[in-house]
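# Architecture and fold: a report
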Amino acid sequence: MSYGKIADARQSGSEILVTFENGELEVTAYTDSIIRVFSDLSGVRPVSHAIEGNKRTDTDVTMSLTEGCVTVSTKELTVKILDEGKIDFYDKNGKALCQDYRGERKTAKELSLEMKQFVEQEGHMLTEKSTDHKIQVVKKLDPEDCFYGMGDKTGFMNKRGYEYVSWNTDDPFPHVDSYKSLYKSIPFFITLKKEGVFGIFYDNTFRTYFDFGKESDDYYFFAADEGNLNYYFIGGNSIQDVVKGYTYLTGTAPLPQLWTLGYHQSRWGYRCEADIREIAENMKKYDLPCDAVHMDIDYMRGYRVFTVDEEKFPDIGALTDEIHRKGMHLVTIIDPGVKKDAEYSVYKEGMEKGYFAVTPEGGVYENAVWPGTAVYPDFGRREVRKWWGENHRMLMEKGIDGIWNDMNEPASFEGELPEDVVFYAEERKSCHSEMHNVYGHNMARAAYEGLKELTGKRPFVITRACYSGSQKYAMAWTGDNQSLWAHLQMAIPQLCNLGLSGMPYVGTDIGGFGADATKELMCRWIELGCLSPFCRNHNAISSREQEPWTFDEETIEIYRKYLKLRYALLPYLYDLFRQEEENGLPLMRPMVLQYEKDPETRNMNGQFMLGESLLAAPVVEQGAARKMVYLPEGIWYDYWTGEKLEGGRYVIRKAALDECPLFVKAGSILPHYPEMDHVSKEKDKELILRVYPGEGEYFHYQDNGEDFAYRDGEYNLYHIVSREGQVSVDLAHQGYEAAYEKVLVQDGTKVPDRE
Ligand code: GLC
């Protein structure tokens with residue numbers, strides 16, 4: 001749209017209203033580093049699904065108006081608003097960070113109809129050419145600009161040169177680099193410039209488009225055809241600052257229950273109680289640490305949600321008791337589609353109360369998912385969320401420990417829901433095109449709030465579909481990947497970009513969901529998977545079985561080695577979660593998040609950091625027995641051997657099938673648990689501190705791992721300092737009664753005697 005010339009500008013506190021000949025722009029400073037740009041183009045000002053509560057702080061803002069330019073400044077940023085609604089952002093030193101592009105977008109060349117038909121003969125897919133959009137923000141692109149974030153999009157870390165669409169999509173075909181959409185819509189990206197960095201969050205739940213220099217080397221853009229212009233510019237001195245800014249707005253992930261960080265074994269196709277029992281027994285039999293078994297749709301009666309097939313699962317309560325006695329937990333799947341069946345209480349009640357989405361004509365909208373014809377709860381309404389949350393009571397009473405939300409894009413087997421199906425945004429009548437991308441978000445919220453109310457514990461909710469801010473309610477997995485080396489390779493950038501997009505608690509289906517894993521792929525996947533925040537082996541009913549014992553003795557041994565590594569590192573992972581809850585920084589970090597001043601890290605896809613101390617470089621290529629690893633400047637220690645290595649260079653490390661190169665930064669203090677086969681009270685008996693040469697300081701956090709008492713101070717915080725070979729441990733906060741009986745300090749460079 002054309003705004004025309006600036007007519008006037010008025011300031012009210014930290015909000016500036018700029019009036020143009022043909023429109024208005026609001027520029028609001030939320031903080032010194034976060035500026036919102038808003039223009040009401042739809043006549044509706046939706047309440048944000050991503051940002052809850054008031055995030056506006058008292059910010060000093062100055063404004064001046066000169067011919068054709070409004071200048072707005074905070075302590076950190078200056079924004080220049082120009083004729084035609086062009087906007088430029090500068091840092092406090094006057095360096096341009098982000099400028100609107102002054103030219104026009106190139107128009108794409110269309111193929112002739114004849115040529116289209118010709119290429120389609122062999123089955124080639126024609127990609128739609130991107131055209132001008134009603135709302136489109138086109139920014140100047142510089143040669144060195146890199147782009148990160150965007151949630152679960154396929155491909156590599158740096159999104160430069162690719163285009164994406166935010167539209168939650170359930171696509172079972174192998175997810176490849178050219179995919180524009182997957183299950184999650186997180187319309188947030190970070191631009192790392194040669195000097196300087198910022199993020200942009202385009203808070204518009206309608207279908208949004210992003211092009212990071214695919215169409216042109218001169219510009220990148222984000223766009224939509226519906227909704228408003230409504231983006232947040234997030235500044236800062238580092239990528240870390242930008243992620244902190246983004247999670248300040250959209251929230252951080254709450255500290256999870258400790259057991260959820262253990263290992264989870266899952267498969268679509270555990271068809272009866274005996275199958276579940278057998279899995280739990282095998283985990284013990286093969287000495288494989290495990291904290292959870294998942295129950296996929298097989299447990300339901302005819303795929304009716306909130307029911308149990310009593311022929312195959314006659315006594316779920318007794319089954320959970322038994323699993324609990326083994327120190328494990330049970331997690332059940334819940335899909336949103338409610339089977340159309342007049343005899344089924346969830347359907348009946350939802351129909352009576354008018355809780356399902358309707359067509360514009362007023363009839364309940366029907367499509368199909370696993371149970372056949374199904375209807376869709378309207379999760380945008382508070383009362384529907386409450387009802388849905390309450391429906392979990394039966395499962396909670398039977399002792400189920402977590403809920404796995406799936407198919408919540410929402411999936412639909414009879415074609416996509418029409419855009420005009422009626423959904424509500426609380427009391428406001430809305431439609432599918434606006435509520436699609438927040439459907440999974442609101443479903444996860446319903447489950448989170450329901451579980452919290454019913455159990456008082458930190459809810460363990462998994463979701464497949466997300467929008468920005470879903471991290472407050474659920475953790476996520478990356479959906480239906482496949483047993484492909486390309487998907488193991490993609491796991492690193494995909495999980496790292498999710499972390500940069502505010503979702504720290506994420507994992508892939510270890511081993512791959514679709515297709516058949518080979519032994520080698522399985523071993524390499526657990527080496528990576530045991531270091532990803534969520535650690536679950538899951539696969540499809542149509543794929544070969546992939547529990548570790550379905551391969552050979554060597555696979556079991558390798559699997560065991562890495563599960564034991566994960567359990568040893570649990571206190572470190574938990575500490576990272578506790579910090580994440582405070583500052584929004586993910587556990588699994590791309591190298592560029594930790595070392596952004598080092599240009600070498602900008603395109604690094606094959607290795608990552610776990611917090612600040614551990615560098616992991618898993619092998620993700622078939623047949624490889626070596627791995628090239630980049631060690632940033634400084635001293636590093638091989639986690640396995642204690643070998644000292646000089647950084648600031650690439651090293652080639654031997655990596656036989658049972659070896660995952662792992663390095664520890666000098667000066668690190670890494671907390672470990674003694675060997676355990678599941679998380680239990682044992683966690684409070686002994687803590688091992690592996691201390692590496694160099695000056696070090698570390699805070700270790702301990703609580704009951706289960707409920708919200710920590711928010712009332714029921715936790716311990718240990719302050720550990722290592723200086724010239726001396727290690728001191730002090731209790732900086734004491735509020736949790738079960739302080740460790742023993743704290744063991746070990747030299748990290750010495751291979752521990754595990755006996
Ligand atoms: C979907 C999920 C998958 C699950 C299956 C059956 O494909 O992504 O994880 O196993 O549905 O419920």
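Calculation criteria
- Once a new chain begins, its residue numbering starts again from 1 and follows that chain's sequence as written.
- Local features in a predicted model are, by the rule used here, given only for residues with pLDDT of at least 70; side-chain atom pairs are given and counted only at 80 or more, and totals for whole chains, interfaces and linings are based on all residues.
- Processing note: side-chain calculations cover all non-hydrogen atoms of the structure and skip hydrogens and water entirely.
- Whether a set of points on the 1 Å grid over the protein atoms alone is a cavity depends on a 1.4 Å probe fitting there but being unable to get out, while an open set qualifies as a pocket with protein on both sides within 12 Å along at least five of seven lines; lining residues are those with an atom within 4 Å of a point.
- Grid points are joined across faces, edges and corners, and a volume is the space filled by probe spheres set on the points.
- Polar here means any residue outside two lists: the nonpolar Ala, Val, Leu, Ile, Met, Phe, Trp, Tyr, Cys and Pro, and the charged Asp, Glu, Lys and Arg; Gly therefore counts as polar.
- Near residues are defined by distance, with any heavy atom within 4 Å of the molecule or strand qualifying the residue.
- Here a polar contact is recorded for every N or O atom pair within 3.5 Å, except that within protein the pair must consist of a potential hydrogen donor and a potential acceptor, and residues adjacent in sequence are included only if both atoms are side-chain atoms.
- Here, Shrake-Rupley sampling with a 1.4 Å probe gives the accessible areas, and only protein chains in the shown set may cover a residue.
- Each residue is placed in one exposure class: buried if its accessible area under a 1.4 Å probe, protein chains only, is under 20% of its type's maximum, exposed if it is over 50%, and partly exposed if it falls in between.
- Runs of E in the DSSP output that reach at least two residues are strands. Runs of H or I that reach at least four are helices, and both are numbered from the N terminus.
- Contacts were defined at the residue level, with two residues in contact if any of their heavy atoms lie within 4.5 Å.
- Pairing between two strands is assigned when DSSP locates at least 2 bridges connecting them.
- A patch is a set of surface residues, each over 30% in relative accessible area and not in a salt bridge, joined within 9 Å for like charges and within 5 Å for the nonpolar side chains Val, Leu, Ile, Met, Phe, Trp and Tyr.
- Take a side-chain nitrogen of Lys or Arg and a carboxyl oxygen of Asp or Glu: if they are within 4 Å of each other, that pair is a salt bridge.
- To define axes, lines are fitted to C-alpha atoms, for helices over the stretch in contact only, and angles between the resulting N-to-C directions are given on a 0 to 180 degree scale.
- Here the nonpolar core consists of buried residues drawn from Ala, Val, Leu, Ile, Met, Phe, Trp, Tyr and Cys, with membership extended through side-chain atoms lying within 4.5 Å.
- What marks off one domain from the next here is an automatic or database domain assignment.

## Things to note about empty space enclosed by the protein
In the structure shown here, the tally under the stated rule is three cavities of 30 Å³ or more. Estimates place the volume of the largest cavity at around 140 Å³. Residue lining of the largest cavity: 16 residues in total, with Pro254, Pro256, Pro459, Met475 and Tyr505 positioned closest to the centre. Per-class residue counts for the lining of the largest cavity are 13 nonpolar, one polar and two charged.

## Notes on the site of the ligand
Close contacts around the ligand come from Trp268, Asp296, Ile297, Ile333, Trp370, Trp404, Asp406, Arg464, Trp477, Asp480, Phe513 and His538, and that covers them all. In this structure, Arg464 approaches the ligand through a side-chain N or O atom, which is 2.8 Å from an oxygen atom. Bound to the protein, the ligand loses 98% of the 310 Å² it would expose on its own. Across the shell around the ligand, the residue classes tally to seven nonpolar, one polar and four charged.

## Here we look at helix H4 (residues 316–325)
Residues Ile316, Gly317, Leu319, Thr320, Glu322 and Ile323 constitute the buried set of H4. Against helix H3 (273–285), strand E20 (292–295) and strand E21 (329–334) lie the buried residues of H4. Immediately beyond the C-terminal end of H4, within one or two residues, lies Gly327, with a positive phi of roughly 85 degrees.

## Some details on helix H11 (residues 519–529)
By the criterion of burial, H11 is predominantly enclosed, with nine of the 11 residues buried. Residues Leu521, Met522, Cys523, Arg524, Trp525, Ile526, Glu527, Leu528 and Gly529 constitute the buried set of H11. The inward-facing, buried residues of H11 contact strand E19 (263–265), helix H10 (485–500), strand E32 (509–510), strand E33 (535–537) and helix H12 (553–583).

## Examining the pairing of strand E11 (residues 146–149)
A regular strand carries its side chains on alternate faces of the sheet. Of the two faces of E11, the one carrying Cys146 and Tyr148 and the one carrying Phe147 and Gly149 are both buried. Two elements, E11 and strand E14 (residues 188–192), share four bridges in a ladder whose sense is antiparallel. Bridge assignment links Tyr148 to a residue of E14, and that residue is Ile190.

## Overview of a nonpolar patch on the surface
Nonpolar side chains collect at one region of the surface, where Leu111, Met115, Phe118 and Leu126 lie side by side and expose about 370 Å² of accessible area between them. Look at Leu111 and you get partly exposed, because its relative accessible area is 41%.

## Concerning the sheet that holds strand E9 (residues 96–99)
Spatially, E5-E6-E7-E8-E9 is the arrangement adopted by the five strands of the open sheet, whose pairing is antiparallel. On the outer flanks of this sheet lie strand E5 (62–66) and E9, each paired with one strand and no other. Strand-to-strand twist across the sheet, computed as the mean angle between neighbouring axes with direction ignored, equals 15 degrees. Across five bridges, the pairing between strand E7 (residues 77–82) and strand E8 (residues 87–91) is antiparallel. Each residue of the ladder has a partner; that of Leu77, found in E8, is Asp91.

## A closer look at the nonpolar core
Formed by 171 residues in total, the largest nonpolar core has its most connected members in Ile239, Trp388 and Leu531. Ranked by the residues each element gives to this core, the list is headed by H12, at 14 residues. Discounting residues that sit within four places of it in the chain, Leu531 has contacts with Leu565, Arg566, Leu569, Phe608, Leu610, Ala616, Cys660 and Leu662. Listed in part, the 39 residues of the second largest apolar core include Ile81, Tyr220, Phe222 and Tyr231.

## Concerning the domain arrangement of the protein chain
Each assigned domain of the protein chain is listed here: domain 1 (6–104 + 131–250), domain 2 (258–336 + 379–582), domain 3 (588–665) and domain 4 (669–747). Taking only C-alpha atoms, the centre of domain 2 and the centre of domain 4 are 29 Å apart. Tallying the contact residues gives 26 residues for domain 2 and 23 residues for domain 4. Between domain 2 and domain 4 we count four salt bridges in total. A salt bridge links Glu675 to Lys564, with the nearest nitrogen and oxygen atoms 2.6 Å apart. Along the contact surface separating domain 2 from domain 4 lie 15 residue pairs in polar contact (both at pLDDT 80 or more). Counting only elements with at least two residues in the side of domain 2 that touches domain 4, the list comes to helix H9 (439–455) and H12. Looking at the side of domain 2 that touches domain 4, the element that brings in the most residues is H12, giving 12 residues. Each residue belonging to the side of domain 2 that touches domain 4 can be placed in one class, and the counts come to 13 nonpolar, three polar and 10 charged.

## What to know about the pattern of salt bridges
By the definition in use, this model includes 59 salt bridges. Shared partners join several salt bridges into a network, and the residues in it are Asp170, Asp406, Glu409, Arg464 and Asp480.

## Quick notes on the sheet that holds strand E43 (residues 686–691)
Sheets are built from strands that pair by backbone hydrogen bonding, the pairs being arranged parallel or antiparallel. Taken together, three strands build an open sheet; the order of strands is E42-E43-E47 and the sheet is mixed. Strand pairing shows two members of the sheet lacking a second neighbour, strand E42 (669–672) and strand E47 (742–747), which therefore form its edges. Each strand of the sheet is rotated relative to its neighbour by a mean of 25 degrees, with strand direction disregarded. Bridge count between E42 and E43: four bridges; the pairing is antiparallel. What sits directly across from Leu670, in E43, is Arg690.

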